[in-house]
Amino acid sequence: MVGGGAMGSATAWALARRGREVLLAERFEPGHAMGASHGEFRNFNVAYSEPDYVAMLVEARCLWEELEAASGAELLDLVGLVNHGEGPGNGDGESRASFDAVRAALAGTGVRSEFLRPEEAHERWPGMRFDTRVLFSPDSGRVRADASVAALQQVATSLGAEVRHATRAVDIRVADDHADVDLETDGRVATVRARSLVVTAGAWTEKLLGDRIRLPRLVVTQEQPAHFALRPALGGDAWPSFNHLHDRSSESGDYWYSDVYGMLTPGEGVKVGWHGTGLVTDPDARTFESEPVQLEALRRYAADWLPGVDPDDFAEISCTYTSTDTTDFVLDRVGPVTVGAGFSGHGFKFTPTVGRILADLATAGDRPPSRFALAR
């Protein structure tokens with residue numbers, strides 16, 4: 001396996017649980033901040049209406065709890081999550097139906113949700129401002145990112161998997177009969193032969209596989225959220241995680257780049273970010289510096305919509321997205337090579353389910369839903 005972030009570590013866990021011999025090569029040291037799996041939290045947002053994603057969410061919740069039990073780590077923090085700002089007309093017409101569709105899709109899954117009026121939501125969460133109805137799910141919230149990767153690797157190694165950090169994949173060579181694959185690395189064992197190779201290399205997927213497999217377009221961007229300090233009068237208990245949809249028809253939204261996401265990170269402030277609007281980057285040549293115009297717009301958003309934070313007191317963050325044109329993931333197999341990529345800034349919540357799917361592909365060759373296929 002290549003790539004020991006969240007998805008690769010989840011796949012190693014899924015394979016080790018089945019008694020498979022697993023070797024996971026990760027180019028960086030544990031806890032690095034070079035990819036997309038680092039940091040304290042990611043949103044655990046359940047606001048999906050597509051059946052494929054809803055089914056994956058339900059499975060992921062169960063698998064997260066299994067991982068917590070197996071590792072002893074607390075990973076899910078279900079503080080709830082609000083979605084608001086339904087789009088054109090502040091919630092009228094087609095965009096309003098999208099929230100209704102989410103609630104209908106969740107009905108019967110055991111995932112609770114409810115609608116709140118703006119004034120009800122503000123009374124409950126005074127640190128946020130609302131001008132449309134709010135879709136709230138108490139069965140959502142946030143999941144610990146760094147801790148999840150560590151827990152996945154801990155449990156996988158306890159089941160016999162081997163994780164090699166500081167081991168970069170240099171080349172992949174598939175045998176002529178497609179029965180075996182050689183992985184060349186710069187580690188202590190230069191070449192490893194396997195019957196099946198799983199590649200979850202994040203922003204480096206195109207660099208590693210682009211000459212060997214016909215991939216859909218994968219765009220790597222450097223995203224730049226920030227942690228904004230809480231105002232002293234507002235306690236941390238008054239913060240759900242959130243997504244704020246961009247109303248492109250609103251005259252007051254001229255500085256918006258995209259939808260906004262956020263969550264409280266205890267001890268650091270409220271994380272707030274534009275979604276998928278960062279500058280296209282080479283993962284080996286990132287600046288880790290924020291683009292100033294987007295940063296100023298993010299501060300203006302905080303001032304306008306988050307009365308519970310100080311827009312002048314913030315710490316910048318840098319991470320990467322690797323996105324497909326549709327924002328659907330890539331989960332597929334060609335010969336002995338299985339690919340997991342293109343998680344488009346919304347994949348972390350699905351991590352253990354993605355690991356299970358990639359393990360299925362690598363062992364049994366079961367095909368994923370067509371939306372995740374390489375040829376889509």
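Residues numbered from 1 in each chain as written. Predicted model: local features only at pLDDT ≥ 70, side-chain atom pairs only at ≥ 80, totals over all residues. Heavy atoms only, no water.

1. Some words on the layout of surface pockets
Space left empty within the atom packing is revealed by a probe, the size of a water molecule, rolled over the atoms. Put simply, the second largest pocket is a space of about 510 Å³. Residue lining of the second largest pocket: 20 residues in total, with Glu 21, Val 22, Leu 23, Ala 194 and Ser 196 positioned closest to the centre. Counting residues per element, the ones that place at least two in the lining of the second largest pocket are β8 (162-164), β10 (181-185), β11 (191-194), β12 (197-199) and α9 (351-363). Looking at the lining of the second largest pocket, the element that brings in the most residues is β11, giving 3 residues. Considered class by class, the residues forming the lining of the second largest pocket number 11 nonpolar, 3 polar and 6 charged. (1 Å grid on protein atoms, 1.4 Å probe; cavity = no way out; pocket = protein on both sides within 12 Å on 5 of 7 lines; lining within 4 Å. Points joined across faces, edges and corners; volume = space filled by probe spheres on them. Helix = DSSP H or I, 4+ residues; strand = E, 2+ residues; numbered from the N terminus. Nonpolar A, V, L, I, M, F, W, Y, C, P; charged D, E, K, R; others polar.)

2. Thoughts on the sheet that holds β11
Ordered in space as β9-β10-β11, the 3 strands form an open sheet in which the pairing is antiparallel. With one partner strand each, in any of the chains shown, β9 (169-174) and β11 form the two edges of the open sheet. The mean angle between the axes of side-by-side strands here comes to 20 degrees, regardless of whether they run parallel or antiparallel. Across 5 bridges, the pairing between β9 and β10 is antiparallel. Residue pairing in the sheet places Ala 169 in a bridge with Thr 185 of β10. (Pairing = 2+ DSSP bridges. Axes fitted to C-alpha atoms, helices over the stretch in contact; angles between N-to-C directions.)

3. Considering the confidence of the model for the chain
Averaged over the chain, the pLDDT score is 92; the fraction of residues at 70 or greater is 93%. Segment residues 88-97: pLDDT under 50, and 14 contacts once partners within four positions in sequence are set aside and those in other chains are kept. (pLDDT = per-residue confidence, 0-100. Contact = heavy atoms within 4.5 Å.)

4. Side note on the side chain of Thr 185
Relative to the elements of secondary structure, Thr 185 occurs in strand β10. Residue contacts for Thr 185: discarding those within four places in its chain leaves Thr 167, Arg 168, Ala 169, Val 170 and Ala 190.

5. Comments concerning the pairing of strand β13 (residues 219-223)
Of all the 5 residues making up β13, 4 are buried; the element is thus mostly covered by neighbouring parts of the structure. The pairing of β13 with strand β20 (residues 319-323) spans 5 bridges and is classified as antiparallel. By the bridge assignment for β20, Val 220 is matched with Thr 322. Direction of pairing for β13 relative to strand β18 (residues 279-280): antiparallel, over a ladder of 2 bridges. When the bridges of β18 are listed, Thr 221 appears paired with Val 280. (Buried < 20%, exposed > 50% of the residue type's maximum accessible area, 1.4 Å probe, protein only.)

6. Side note on the environment of Phe 136
Here Phe 136 is to be found in strand β6 (residues 134-137). Residue class for Phe 136 comes out buried when judged on its relative accessible area of 7%. Excluding its chain neighbours within four sequence positions, the residues that come into contact with Phe 136 are Gly 80, Leu 81, Val 82, Arg 112, Ser 113, Glu 114, Leu 116, Arg 124 and Trp 125.

7. Section: empty space enclosed by the protein
Counted under the stated rule, the structure contains 4 cavities of 30 Å³ or more. Put simply, the largest cavity is a space of about 50 Å³. If you trace the largest cavity, you find it lined by Asn 45, Val 46, Ala 47, Leu 81, Asn 83, Val 102, Leu 106, Ser 113, Leu 135, Ser 137 and Ser 140. For the lining of the largest cavity, the elements supplying multiple residues, two or more each, are β4 (81-84), α4 (93-106) and β6. Here the lining of the largest cavity is composed, by residue class, of 6 nonpolar, 5 polar and no charged.

8. Considering the pattern of salt bridges
Considering all chains together, one arrives at 29 salt bridges under this definition. In this structure, Arg 164 engages Glu 162 in a salt bridge whose closest nitrogen and oxygen atoms are separated by 2.8 Å. A relative accessible area of 15% means that Arg 164 is categorised as buried. The salt bridge partner of Lys 207 is Asp 284, with a shortest N-O separation of 2.6 Å. A residue pair is termed long-range when its members are at least 10 positions apart, and Lys 207 in helix α7 (residues 205-209) and Asp 284 in the loop between β18 and α8 (292-305) qualify at 77 residues. Lys 207 sits in the partly exposed class, given a relative accessible area of 46%. Overall, the relative accessible area of 44% leaves Asp 284 in the partly exposed class. A single salt-bridge network, built from bridges that share partners, covers Arg 18, Glu 59, Arg 356 and Asp 360. (Salt bridge = Lys/Arg side-chain N within 4 Å of Asp/Glu carboxyl O.)

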